[in-house]
Amino acid sequence: TLTIWPYAVKEFAKRWYIVAYWLEREAMRVYGLDRVITLELTDTAFRMPRKFDVDELFSTSFGIYIPEEKGKTIIFRTTSKEAKFLRDLPIHSSQKELSAGDVRKRLPGIMVKPDECCFEIFVCPNEALIMEFCKHGGRLEVLSPAPVRETVASELRKAADQYIDKKQI
């Protein structure tokens, strides 16, 4: 049983969530509405903080995770075909397309081929973001920062390893 003050409702990946202040923990939390079994309204009133802004709270977040650290600039490249999809459905609201010259200035030694496009986002990396990058497979490559690149590479290696030297069932 939790006592919460509901501040906002948020949708992500076709699921609805409630953004709330959890009284017992004195902290903000996000709860999947499809997981709520019972709900009881109380007579206790609360005041919404004047400066609460759900868009601001999630401005550097991917998904429904409340950011626990400062955002990072993540630069990635894609095939030109994948770039068409990412222009229509950006990975994050902060997404910007970079020119090949911008990439060379910011990441010396990285060359962008004519059939590639580069983007940047400003976000707090989390597990959901890593899975989003992995979803694009070989059509997307994280260029920086190194820890995010290494995490994506590790996840993709684990996935590929499941198919190596396995006999078909």
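As shown above, the structure is provided for reference.
Reading the values: the criteria
Residues numbered from 1 in each chain as written. Predicted model: local features only at pLDDT ≥ 70, side-chain atom pairs only at ≥ 80, totals over all residues. Heavy atoms only, no water. Buried < 20%, exposed > 50% of the residue type's maximum accessible area, 1.4 Å probe, protein only. Helix = DSSP H or I, 4+ residues; strand = E, 2+ residues; numbered from the N terminus. Contact = heavy atoms within 4.5 Å. Polar contact = N/O pair within 3.5 Å; in protein donor to acceptor, adjacent residues only side chain to side chain. Disulfide = S-S within 2.5 Å. Salt bridge = Lys/Arg side-chain N within 4 Å of Asp/Glu carboxyl O. Phe/Tyr/Trp six-rings, centres within 6.5 Å; stacked < 30°, edge-to-face > 60°. Lys NZ or Arg CZ within 6 Å of the ring centre and 35° of its normal.

A. Helix α4 (residues 127–135), seen in detail. Looking at α4, one finds that the buried residues are Ala 128, Leu 129, Ile 130, Glu 132, Phe 133 and Cys 134. Where α4 is buried, its residues meet β4 (72–79), β6 (116–123), β7 (140–144) and α5 (146–161). One side-chain oxygen at the N-terminal end of α4 lies 3.1 Å from the backbone nitrogen of Ala 128; it belongs to Asn 126. Note on α4: the residue one or two positions beyond its end, Gly 137, has a positive phi of about 55 degrees.

B. How the structure looks around the state of the cysteines. Per the stated rule, a full pass over the model turns up 0 disulfides. No disulfide involves Cys 117; its sulfur sits 7.5 Å from the nearest other cysteine sulfur, which is in Cys 118. Cys 124 carries a free sulfur, and the closest cysteine sulfur to it, the one in Cys 134, is 18 Å from it. Cys 124 sits in the buried class, given a relative accessible area of 4%.

C. Just the pattern of salt bridges, in detail. Taken as a whole, this structure holds 10 salt bridges when the rule is applied. With its nearest N and O atoms 2.6 Å apart, the salt bridge here joins Asp 34 to Arg 15. Note that Asp 34 is positioned in the loop between β3 (27–32) and α1 (54–57) and Arg 15 in strand β2 (residues 15–22), a separation of 19 residues in sequence. Here Arg 15 falls in the partly exposed class, since its relative accessible area comes to 29%. The salt bridge involving Lys 135 is made with Glu 132; its shortest N-O contact spans 3.2 Å. A residue pair is termed a helical-turn pair when its members lie 3 or 4 positions apart in one helix, as Lys 135 and Glu 132 do in helix α4 at 3 residues. One salt-bridge network, held together by shared partners, links Arg 77, Glu 116, Glu 141 and Arg 149.

D. Seen up close, the environment of Pro 67. In this fold, Pro 67 is placed in the loop between α1 and β4. Each C-alpha atom of the pair Pro 67 and Cys 118 lies 25 Å from the other, and the pair is 51 residues apart in sequence. Ignoring any residue separated from it by four or fewer positions in sequence, one finds Pro 67 in contact with Leu 57, Thr 60, Ser 61 and Cys 124.

E. Layout of the packing of aromatic side chains. Within this structure, the stated rule accounts for 7 aromatic pairs. Judged by centre distance (6.1 Å) and plane angle (35 degrees), the ring pair of Tyr 7 and Phe 46 falls under tilted. Highlighted residues: Tyr 7 in strand β1 (residues 4–12) and Phe 46 in the loop between β3 and α1, separated in sequence by 39 residues. In this structure Tyr 7 comes out as buried when scored by relative accessible area, which is 11%. Assessed through its relative accessible area of 29%, Phe 46 is described here as partly exposed. Counting every residue linked through ring pairs, the aromatic cluster contains Trp 5, Tyr 7, Tyr 21, Phe 46 and Phe 52. Here the guanidinium or amino end of Lys 10 rests over the ring plane of Phe 58, the centre of that ring lying 4.7 Å away.

F. Looking closely at the environment of Ile 4. Locating Ile 4 in the fold gives a position in strand β1. When its relative accessible area of 27% is taken as the criterion, Ile 4 is described as partly exposed. Separated by 107 residues in the primary sequence, Ile 4 and Met 111 place their C-alpha atoms 51 Å from one another. Setting aside residues no more than four positions away along its own chain, Ile 4 makes contact with Ala 20, Tyr 21, Trp 22 and Tyr 31.

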